[in-house]
Amino acid sequence: LEVALSNFARLDQLRELSHIDTLTNVFNRRYFNLRLTEEVARAGRFSRPLALAICDLDRFKALNDQHGHLAGDVVLRYMAQTLRRSVRAIDIVCRLGGDEFAVLMPDTEAGECAPLADRLRHAVSSGGFTLGGHDANAAPLDLRLSVGGAVFPQHAERPERLLWCADMALLEAKRD
């Protein structure tokens, strides 16, 4: 029985690890896909809103080209930590890939999305983030975030459509 419980605990630990992005230590795309489906179903069942925000760093490729990919990794970790600190405990931050992140926000109305997007943009851009570590002379990077969002059921009632609407809103934000 002890061996079976130990194996079960290891299996549970492996399952959890398979849902974490190893670079940023936030949830990964696989977990996002599962939770998006679950949260849309829950929101529908209880007639509650569900907001989805998708964000990415502007000019991230240029940052990688100028400072190198290791510096880009440092920036991605900073962005993940900043997003986690900027949302509620019940919100779910996931890295979708590259420099793109998603935030699932249960019980969040459309009117609450613009202030959240502003808060996320401000948190990332005003952090005074530098690549210099403890170097007091290192210049802060000019990090800018684009954010797009959509809300269930106002914009879409199916998970894949909600994701598409949020992605289109992100593209529009990047054009602006």
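Residues numbered from 1 in each chain as written. Predicted model: local features only at pLDDT ≥ 70, side-chain atom pairs only at ≥ 80, totals over all residues. Heavy atoms only, no water.

Here we come to helix 5 (residues 113–125). Residues three or four positions apart in an α-helix share a direction because the helix packs 3.6 residues into each turn. Over its 13 residues, helix 5 runs 18 Å from end to end, which matches the ideal 18 Å to within 8%, given 1.5 Å per residue. Buried residues of helix 5: Cys113, Leu116, Ala117, Leu120, Ala123 and Val124, and no others. Each buried residue of helix 5 sits inside an arc of 130° when the element is viewed along its axis, so together they form one side. The secondary structure elements touched by the buried residues of helix 5 are strand 1 (50–57), helix 4 (69–86), strand 3 (100–106) and strand 4 (145–152). (Helix = DSSP H or I, 4+ residues; strand = E, 2+ residues; numbered from the N terminus. Expected span 1.5 Å × (residues − 1). Buried < 20%, exposed > 50% of the residue type's maximum accessible area, 1.4 Å probe, protein only. Arc of directions from axis to C-beta. Contact = heavy atoms within 4.5 Å.)

Moving on to a nonpolar patch on the surface. The grouping of Trp164, Met168 and Leu171 at the surface amounts to a nonpolar patch, some 270 Å² of accessible area in total. Its location among the elements puts tryptophan 164 in helix 6 (residues 159–175). The partly exposed category is assigned to tryptophan 164, whose relative accessible area is 43%. (Patch = residues over 30% accessible without salt bridge, like charges linked within 9 Å, V, L, I, M, F, W, Y side chains within 5 Å. Areas by Shrake-Rupley, 256 points an atom, 1.4 Å probe, with all protein chains shown as cover. Salt bridge = Lys/Arg side-chain N within 4 Å of Asp/Glu carboxyl O.)

Quick look at the packing of aromatic side chains now. Inspection of every chain in the model, using the stated rule, returns one aromatic pair. The interplanar angle of 20° and the centroid separation of 3.9 Å between the aromatic rings of phenylalanine 27 and tyrosine 31 together place this pair among those described as stacked. Judged by relative accessible area, phenylalanine 27 falls into the partly exposed class, the value being 27%. (Phe/Tyr/Trp six-rings, centres within 6.5 Å; stacked < 30°, edge-to-face > 60°.)

A few words on the pairing of strand 4. Look at any regular strand and the pattern is simple: side chains alternate between the two faces of the sheet. Counting buried positions along strand 4 gives seven out of eight residues, so the element sits mostly inside the fold. Bridge analysis of strand 1 against strand 4 gives eight bridges, and the strand direction is antiparallel. Of the residues in strand 4, the one forming a bridge with leucine 52 is alanine 150. (Pairing = 2+ DSSP bridges.)

In this structure, arginine 95 sits in strand 2 (residues 92–97). Measuring from C-alpha to C-alpha, the distance between arginine 95 and isoleucine 20 comes to 8.9 Å, with 75 residues separating the pair along the chain. Apart from the residues within four sequence positions on either side, arginine 95 is in contact with Asp21, Leu23, Thr24, Val26, Phe27, Asn28, Arg29, Leu76, Glu100 and Phe101. Within the structure, the side chain of arginine 95 is placed 3.2 Å from the side chain of aspartate 21, a separation counted as a polar contact. (Polar contact = N/O pair within 3.5 Å; in protein donor to acceptor, adjacent residues only side chain to side chain.)

So, on to the side chain of threonine 82. Mapped onto the secondary structure, threonine 82 falls in helix 4. Those residues within four positions of threonine 82 in sequence are excluded, and the remaining contacts are Ala123 and Val124.

Between helix 2 (residues 29–45) and helix 6, the shortest axis-to-axis distance is 9 Å and the interhelical angle comes to 115°. In terms of orientation, helix 2 lies roughly perpendicular with respect to helix 6. For the pair helix 2 and helix 6, the crossing hand works out as right-handed. Of helix 6, the residues touching helix 2 (which contributes Arg29, Phe32, Leu36, Thr37 and Val40) are Pro159, Leu162 and Leu163. (Axes fitted to C-alpha atoms, helices over the stretch in contact; angles between N-to-C directions. Parallel < 35°, antiparallel > 145°, perpendicular 65-115°, else oblique. Left-handed = near helix turned anticlockwise from the far one by under 90°.)

All right, on to the side chain of aspartate 21 then. Summarising the element assignment, aspartate 21 is placed in the loop between helix 1 (2–17) and helix 2. For aspartate 21, a relative accessible area of 14% translates into the label buried. A polar contact of 2.6 Å, which involves the side chain of aspartate 21, links it to the side chain of threonine 24. The residues touching aspartate 21, leaving out its near neighbours within four places in the chain, are Val26, Phe27, Asn28 and Arg95.

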